[in-house]
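The chain contents come next:
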Amino acid sequence: AFGKKLIKYPFMRLSPNKTWEGFIGAYLFTCIFAFVYPLVLVKSKWLICSFAELEKDPTAISCSVDKVFLPELYDIPSALVGFVGAEQVRMLPVQMHSVLLGMFASLVAPFGGFFASAIKRAYDIKDFDALIPGHGGIMDRMDCQFIMAMCTGVHYTTFIHPKVACRC
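As a convention, each chain's residues are numbered from 1 in the sequence order in which they are written. Only residues with pLDDT of at least 70 get local features here, since the model is predicted, and only at 80 or more are side-chain atom pairs given and counted; chain-wide, interface and lining totals rely on the full set of residues. Side-chain metrics in this entry use all non-hydrogen atoms of the structure; hydrogen atoms and water are not considered.

On to the state of the cysteines, then. The criterion for a disulfide is a pair of cysteine sulfur atoms lying within 2.5 Å. Counted according to the given criterion, the structure contains one disulfide. For Cys49, the disulfide goes to Cys63, at an S-S distance of 1.8 Å. With the S-S dihedral at roughly -80 degrees, the linkage between Cys49 and Cys63 falls on the left-handed side. Taken as a pair, Cys49 in the loop between helix H3 (45-48) and helix H4 (51-56) and Cys63 in the loop between H4 and strand S3 (72-75) lie far apart in primary sequence, 14 residues in all. Runs of H or I in DSSP of at least four residues are treated as helices and runs of E of at least two as strands, each being numbered from the N terminus.

This part takes up the packing of aromatic side chains. Paired rings are identified among Phe, Tyr and Trp, the last through its six-membered ring, by centres lying within 6.5 Å, and are further divided according to the angle between planes into stacked (under 30 degrees), edge-to-face (over 60) and tilted (the rest). Following the criterion strictly, the structure yields one aromatic pair and no others. Aromatic pair Phe33 and Tyr37: ring centres 4.8 Å apart, planes at 20 degrees, arrangement stacked. One end of the pair is Phe33 and the other is Tyr37, both in helix H2 (residues 20-41) and four residues apart, which spans about a single turn. The classification of residues rests on relative accessible area computed with a 1.4 Å probe and restricted to protein chains. Under 20% of the type maximum is buried, over 50% is exposed, and intermediate values are partly exposed. Taking relative accessible area as the criterion, Tyr37 reaches 37% and is therefore assigned partly exposed.

With that out of the way, let us pick up the nonpolar core. As a rule of thumb, soluble globular proteins bury nonpolar side chains together. Throughout, nonpolar core names a set of buried Ala, Val, Leu, Ile, Met, Phe, Trp, Tyr and Cys residues whose side chains join them through atoms within 4.5 Å. Listed in full, the five residues of the largest apolar core are Val42, Ile48, Val68, Leu92 and Val94. If sequence neighbours within four positions are ignored, Ile48 has contacts with Leu41, Val42, Val65 and Phe69. Any two residues whose heavy atoms approach within 4.5 Å are treated as being in contact.

All of the buried residues in helix H8 (residues 145-160) are Met148, Cys151 and His155. Burial along H8 is one-sided: seen end-on, the buried residues are contained in an arc of 60 degrees. Opposite the packed face of H8, turned more than 90 degrees from it, sit the exposed residues Phe146, Ala149 and Met150. Note that the arc is computed from the directions linking the helix axis to the C-beta atoms.

Here we take up H2. The span one expects for a helix is its residue count, reduced by one, times 1.5 Å. Compared with the 32 Å implied by 1.5 Å per residue over 22 residues, the 31 Å span of H2 between its first and last C-alpha is a close match. The principal kink in H2, of about 25 degrees, is found at Ala34, preceding the proline Pro38 by one to four residues. Across the chain, bend at a residue is computed as the angle between axes fitted to the seven residues ending at that point and the seven starting from it.

Here is the structure:
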């Protein structure tokens with residue numbers, strides 16, 4: 001809804017209400033949010049402690065925190081040192097995972113919307129609903145959730161907690 005207010009360059013003819021400005025703006029804001037929000041979430045033990053530990057003693061003040069929630073020092077590529085202003089940066093690994101998932105979501109989400117638009121055009125439906133003004137309704141919000149759930153599961157089992165291969 002924000003992209004149409006500034007300049008109107010349609011993203012695709014299939015969905016004329018989507019603009020390049022909205023696509024780029026959503027990508028940038030999603031990446032910024034994905035980088036910053038984990039810093040808020042890791043402050044809650046309910047979000048970083050394992051379910052098994054919380055199930056044993058929900059009133060415990062501390063728990064063993066997974067390494068993905070602990071700060072690490074990362075080297076900055078030499079080409080970016082001048083831009084960043086440092087050779088190393090301290091951040092949480094969960095921030096990088098969050099940004100990667102945010103980037104994927106920002107690139108995939110519009111195409112779920114295009115698929116939904118194609119269905120609406122095939123059945124001559126203007127909108128799935130008008131509960132959220134300017135957003136086309138709840139079904140339009142959910143069109144990329146299934147692929148993101150799959151992507152998040154694959155990312156988690158591949159990069160965060162890979163399972164040990166079977167020696168059958």
